[in-house]
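# Commentary on secondary and tertiary structure
So the chains spell out like this:
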Amino acid sequence: MIGLISATAAGAAARDRLAAAWPDRTRVYEGPVGDAVRAAFAQCEQLVCFLATGAVVRLVAPLLAGKAADPGVVCVDEGGRFAVSLLGGHAGGANELAREVGELLGAEPVVTTATDAVGLPGLDALGLPVEGDVAGVSRALLDGEAVTLRAEVAWPLPPLPVAAEGSYTIRLTDRLVQAAEREVVLRPPSLVVGVGASKGAPVEEVLGLVEDALREAGLSAASVAELATVDAKAGEPGLVEAARRLGVPLVTYSAGELAAVDVPNPSDAPLAAVGTPSVAEASALLRGGELLVPKRKSAMATCAVVRRPGRGRLAVVGLGPGARDLLTPRAKAELRRASVLVGLDQYVDQIRDLLRPGTRILESGLGAEEERARTAVEEARAGRAVALIGSGDAGVYAMASPALAEASDDIDVVGVPGVTAALAAGAILGAPLGHDHVSISLSDLHTPWEVIERRVRAAAEADLVVTFYNPRSRGRDWQLPRALSILAEHRAPTTPVGVVRNASRPDESARLTTLTALDPATVDMMTVVTVGNTATREIAGRMVTPRGYRWQEEPE
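Analysis parameters
Residues numbered from 1 in each chain as written. Predicted model: local features only at pLDDT ≥ 70, side-chain atom pairs only at ≥ 80, totals over all residues. Heavy atoms only, no water. Helix = DSSP H or I, 4+ residues; strand = E, 2+ residues; numbered from the N terminus. Buried < 20%, exposed > 50% of the residue type's maximum accessible area, 1.4 Å probe, protein only. Areas by Shrake-Rupley, 256 points an atom, 1.4 Å probe, with all protein chains shown as cover. Lys, Arg positive; Asp, Glu negative; His and termini not counted. Charge placed at Lys NZ, Arg CZ, Asp CG, Glu CD. Phe/Tyr/Trp six-rings, centres within 6.5 Å; stacked < 30°, edge-to-face > 60°. Contact = heavy atoms within 4.5 Å. Axes fitted to C-alpha atoms, helices over the stretch in contact; angles between N-to-C directions. Parallel < 35°, antiparallel > 145°, perpendicular 65-115°, else oblique. Left-handed = near helix turned anticlockwise from the far one by under 90°. Nonpolar A, V, L, I, M, F, W, Y, C, P; charged D, E, K, R; others polar. Salt bridge = Lys/Arg side-chain N within 4 Å of Asp/Glu carboxyl O. Disulfide = S-S within 2.5 Å. Polar contact = N/O pair within 3.5 Å; in protein donor to acceptor, adjacent residues only side chain to side chain. Pairing = 2+ DSSP bridges. Core = buried A, V, L, I, M, F, W, Y, C linked by side-chain atoms within 4.5 Å.

### Comments concerning the overall build of the chain
Within the chain, the secondary structure is distributed over 18 helices and 28 strands. Each of the three principal axes of the chain carries a C-alpha extent, and together these read 85 × 65 × 55 Å. Put simply, the chain has 556 residues, and 47% of those count as buried. Accessible surface computed for the chain: about 25800 Å², of which carbon and sulfur atoms make up 51%. The positive charge centre, built from 55 side chains, and the negative charge centre, built from 69, are 1 Å apart in the chain.

### Re the packing of aromatic side chains
Considering all chains together, one arrives at two aromatic pairs under this definition. Ring centres of Y397 and Y469 lie 4.7 Å apart, and the angle between their planes is 50 degrees; this geometry places the pair in the tilted category. One end of the pair, Y397, is in the loop between β19 (385–390) and α15 (400–406); the other, Y469, is in strand β23 (residues 465–469), and 72 residues separate them in sequence. Here Y397 falls in the partly exposed class, since its relative accessible area comes to 45%. Here Y469 falls in the buried class, since its relative accessible area comes to 9%.

### Topic: the environment of L291
Position of L291 among the secondary structure elements: in strand β14 (residues 290–297). Measuring from C-alpha to C-alpha, the distance between L291 and V192 comes to 9.6 Å, with 99 residues separating the pair along the chain. Those residues in contact with L291 that lie beyond four places of it in its chain are P264, E281, L285, A304, V305 and V306.

### Concerning the packing of helix α17 (residues 449–461) against helix α18 (residues 479–488)
Think of two packed helices as two axes; the pair is described by the angle between the axes and how far apart they sit. Packing of α17 against α18 brings their axes to within 9 Å, and their N-to-C directions diverge by 30 degrees. In terms of their interaxial angle, α17 and α18 are classed as roughly parallel. Two packed elements cross with a definite hand, and for α17 against α18 that hand is right-handed. For the pair α17 and α18, the contacting residues are W449, E453, V456, R457 and A460 in the first and Q479, R482, A483, I486 and L487 in the second. The class makeup of the residues in the contact of α17 with α18 is six nonpolar, one polar and three charged.

### So, unusual backbone geometry
Positive phi, close to 45 degrees, is recorded for N470, a residue that is not glycine. Inspection of the secondary structure assignment puts N470 in the loop between β23 and α18. Classification of N470 by relative accessible area gives partly exposed; the value is 22%. With a phi angle near 50 degrees, N502 is a residue other than glycine that sits in the positive phi range.

### Quick look at the pattern of salt bridges
Applying the stated criterion across every chain yields a total of 33 salt bridges. Between E453 and R457 there is a salt bridge; the shortest N-O distance is 3.6 Å. Pair noted here: E453 and R457 are both in helix α17, with a separation of four residues, about one helical turn. Judged by its relative accessible area of 25%, R457 is partly exposed.

### Comments concerning the state of the cysteines
Taken as a whole, this structure holds zero disulfides when the rule is applied. The thiol of C44 is not disulfide-bonded; the next cysteine sulfur, from C49, is found 10 Å away.

### Some points on the side chain of S283
The topology assignment puts S283 in helix α11 (residues 280–285). Its relative accessible area of 0% is what places S283 among the buried residues. Within the structure, the side chain of S283 is placed 2.6 Å from the backbone oxygen of V279, a separation counted as a polar contact.

### Structural notes on the environment of V413
Structurally, V413 is set in strand β20 (residues 412–416). Along the chain, V413 and A380 lie 33 residues apart, while their C-alpha atoms are 9.2 Å from each other. Once residues lying within four places of it in the same chain are set aside, the contact partners of V413 are L314, V316, L404 and A407.

### Focus: the sheet that holds strand β24 (residues 496–501)
Spatially, five strands are ordered β22-β23-β26-β24-β25 in an open sheet, and the strand pairing comes out mixed. Each end of this open sheet is capped by a strand with a single partner; those strands are β22 (437–441) and β25 (509–514). The average angle at which neighbouring strand axes cross in this sheet is 20 degrees, direction not considered. Relative to β25, β24 runs antiparallel, the two being bridged by six bridges. Its bridge partner lying in β25, R501 is registered against S509. Here α17 sits on the sheet in contact with β22 and β23, set at roughly 160 degrees to β22. Running at roughly 175 degrees to β23, α18 makes contact with β23 and β26 (527–531) of the sheet.

### Section: the sheet that holds strand β28 (residues 542–544)
The three strands are arranged β21-β28-β27 in an open sheet whose pairing can be described as mixed. Every other strand in the sheet has two partners, leaving β21 (430–431) and β27 (537–539) as the edge strands with one partner each. With three bridges connecting them, β27 and β28 associate as antiparallel partners. Across the sheet, residue R537 finds its bridge partner in β28, namely V544.

### Here's the deal with the nonpolar core
By size, the foremost hydrophobic cluster in this structure holds 23 residues, and its most contacted members are V193, V195, L214, L227, C303 and V305. For this core, the secondary-structure elements that each account for two or more residues are β11 (191–197), α7 (203–216), β12 (224–230), α8 (237–246) and β15 (301–307). Residue contributions to this core peak at seven residues, all from α7. With residues near it in sequence (within four places) discarded, V195 still touches V210, L227, A228, T229, L239, V279, A280, S283, T302 and C303. L442, L487, V523 and V531 belong to the second largest nonpolar core, which has 21 residues in total.

### Things to note about the pairing of β14
Where β14 and β15 come together, five bridges link them in antiparallel fashion. For K297, the partnering residue across the bridge sits in β15 and is T302. Between the end of β14 and the start of β15, which pair antiparallel, lie three residues.

Structure, rendered in structure tokens:
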């Protein structure tokens, strides 16, 4: 919960805007400011104070308990100009909260955490349990000293500027090890503990069995991602409470699913009780992995431990038509999250300044789309966080299709939509896509012309607005005239046609012409051509397609 505190009318107005936008995340604290701050500090995970930073510092100073326990605190000034991350930037989430508040209120987020200031991810902000010399290793990263990454488990981390050898170390492991001097240990959630229990098994017995199994195998409880069991035990109090104390979910599977898993130690007892010869081993192994601890038993419980490989992450990111302000916040976040970026060289140049230090860039030239798709998938399969970029929307004549043709279910795939060329051009022209429309690429490099022509003819007969991508190049100069002639068989010579080149870029140009007046020689590969339907009109110099086929008649 986010506590909201204000002292003035202006602060209360901004406070109420946050409360209205986040009704399920926020709680307004009324009354004297000091009492409100103290109450919110004790009851909430985060605070937004519409007060001067000095006042908030004096109020919270006596309340501070430690970095791991204190809530994140953000201050917003009286004028609503700045959202300042004051306390708990990483551990308390104040840095991200300042950005969210700034975006909602139109305020500038102020983040002074050293790693954030230079674009480095905070080691305590990666979403993983962290131990050891966080301050020392972070300082080494900031100072450009050599820091080594020892990844004993593959896991999709954000980019880190690490070296092959160094006097500081970041160790990624689920092993039960102590952090050495000048070392940080990150705990990936790589372990699954399968559990079975007789009815009424006490939580102390279940926890004791699990903790003993992990300790004797040299594994860290901080890397346990979930407890898994059969669905017949979903409400077993001892299992439910054990999961709660470990801070992980209790995941359940049907007896039929578990019975299909090949396990080393099947038993007749669970088969008779719940319909599967294995609960602990089968539930841990069901989604794959390496069995580290075979079934162990206590008087009323069983457990087994499996290490699941880290799933790589492939984000297919649309960069929009070119203008930086048309690059979505989600796209920016994925670019900063990826440790590997794959893309066309000219697109990489557009967003190079947004990448975090340590991002590995794999760029190539025109015509290597399938190679880039394969490379991105291979990097993700190696357990890395990968961003594959394309212009416009990556799913429209771009990289999503070849990438997903290569990918299987062994990686996580995230699609990040972007503003595609047809939409960018349409916004410049007016409202040409106000009714049903279709996009057709006139490039016959991958699609036979016979297929393309059949689609153009179908769009013409269906009276659809048509946006032509890849309309004309040096080696393909006849396809656009042919496509226009097909449309002309079904539309008037005066049908409006919009021509937009380099939409949203500094050298953007746009013009409105007609079906017969368009000169194809003025069109190239950087151009989008939009041909209206029989209802499309030019109104005040803009291209408009009505939402219906009847124009509203002016009253007499």
